[in-house]
Amino acid sequence: MPEGHSIHRLARQFTSVFAGHRLEVSSPQGRFAAGAARLDGQVLTGAAAHGKQLFLAFGNELYLRIHLGLYGAFDFGGDSTFLGASSIGAPRKVGEREIASDDDGGTYAGPPPPRGAVRVRLVSGHGWADLRGPTACEVITDAERAAVVARLGPDPLQDEADGAEFVTRLRRKGSPVGLLLMNQEILAGVGNVYRAEVLFRQRISPFRLGRDVAEGEAADLWKDIASVMSDGVAEGRIITTLPADRDSGAVPVPVEEAHYVYKRTGLPCRRCGTPVAGTEMGARKLYWCPVCQER
Ligand SMILES: [Zn+2]
């Protein structure tokens, strides 16, 4: 599932290529036909992310709310001005696939015939975006958007995000911190990779209860999450390890695969050599080092 950094990159991408443009909005698959009709012909005024939620704002004061879930993804394509406007230049992960160029600098012939189940298609004079397989795709009002955001915890990727609010929400709970980091009402945007990696980086056991995390530890956790996720926005991939902790074998592991514990069950911990442990928590695989994260 794309974590918050991917959704923030998508918001930047939409702002970059579509903001200020009048869009044709359709649902080639048909499932979103009624919603698309409410947005068709409107100007996209902006795009924003809160955690894993993407909100596209339109001139008629309606929003398109999208949650990609496990399988959702956007494809983009267009002419050279559209592609040149893109804010995304680094490698792309799930949820923000490679941008396809339809032309070789010639004239833009419009979007290609839809392939597969395209839930929503957005088309400007210069390019297009296709969405497939989202968990949520709906038209909402500003009040409804505010209600969605109010249910979520702070998003560490927003400049105005309130880290103290995260600390309070985390320390109020009697559940394991490994579970709480995935709870979007505690903080918004963290998924399975960042959960495992930041708990290792902060040497906190995923089984420690939220209320047993000291205030300073929780504040450090927040800062570290904000820091690695900001790197994720800039890089377009999740990088959590320091260069000194990465493999130095004959075949170097790509930096985005060189995690501390994520998907490393049974392999030696990069810091202490103890086999990395794995179990399930919150219906997702959890990874940790029993020595480095003893408590
Ligand atoms: Zn270790």
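Residues numbered from 1 in each chain as written. Predicted model: local features only at pLDDT ≥ 70, side-chain atom pairs only at ≥ 80, totals over all residues. Heavy atoms only, no water.

Focus: the environment of Glu215
Tracing the chain through its elements places Glu215 in helix H8 (residues 215-235). Accessibility expressed as a relative area gives 53% for Glu215, which makes it exposed. The spatial distance from the C-alpha of Glu215 to the C-alpha of Thr45 is 40 Å, given a sequence separation of 170 residues. With residues near it in sequence (within four places) discarded, Glu215 still touches Val167 and Arg171. (Helix = DSSP H or I, 4+ residues; strand = E, 2+ residues; numbered from the N terminus. Buried < 20%, exposed > 50% of the residue type's maximum accessible area, 1.4 Å probe, protein only. Contact = heavy atoms within 4.5 Å.)

Some thoughts on the environment of Asp212
Position of Asp212 among the secondary structure elements: in the loop between helix H7 (192-201) and H8. Here Asp212 falls in the partly exposed class, since its relative accessible area comes to 44%. Sequence spacing of Asp212 and Asp130 is 82 residues, and the spatial spacing of their C-alpha atoms is 45 Å.

A closer look at the coordination of the zinc ion
Protein-derived coordination of the zinc ion comes from Cys269 (SG), Cys272 (SG), Cys289 (SG) and Cys292 (SG), at a distance range of 2.3 to 2.4 Å. If you look at the zinc ion, its 4 donor atoms make angles of 101 to 114° with each other, and the shape they trace is tetrahedral. Along the chain, the residues that donate to the zinc ion are spaced as C-x2-C-x16-C-x2-C. On the basis of relative accessible area, Cys289 is assigned to the buried category, the value being 0%. (Donors = N, O, S within 2.8 Å, 3.2 Å for Na, K, Ca; no water. Tetrahedral: all angles 85-135°; square planar, octahedral: opposite > 155°, others 65-115°.)

Quick notes on the pairing of strand E7 (residues 118-123)
Taken across its 6 residues, E7 has 6 buried, putting it largely inside the fold. In the sheet, strand E1 (residues 24-26) pairs with E7 via 3 bridges, with the strands oriented antiparallel. Within E7, the position partnered with Glu24 by the bridge is Val123. Across 5 bridges, the pairing between E7 and strand E8 (residues 127-132) is antiparallel. Within the sheet, the bridge partner assigned to Val118 lies in E8 and is Arg132. The hairpin turn running from E7 into E8, its antiparallel successor, is 3 residues long. (Pairing = 2+ DSSP bridges.)

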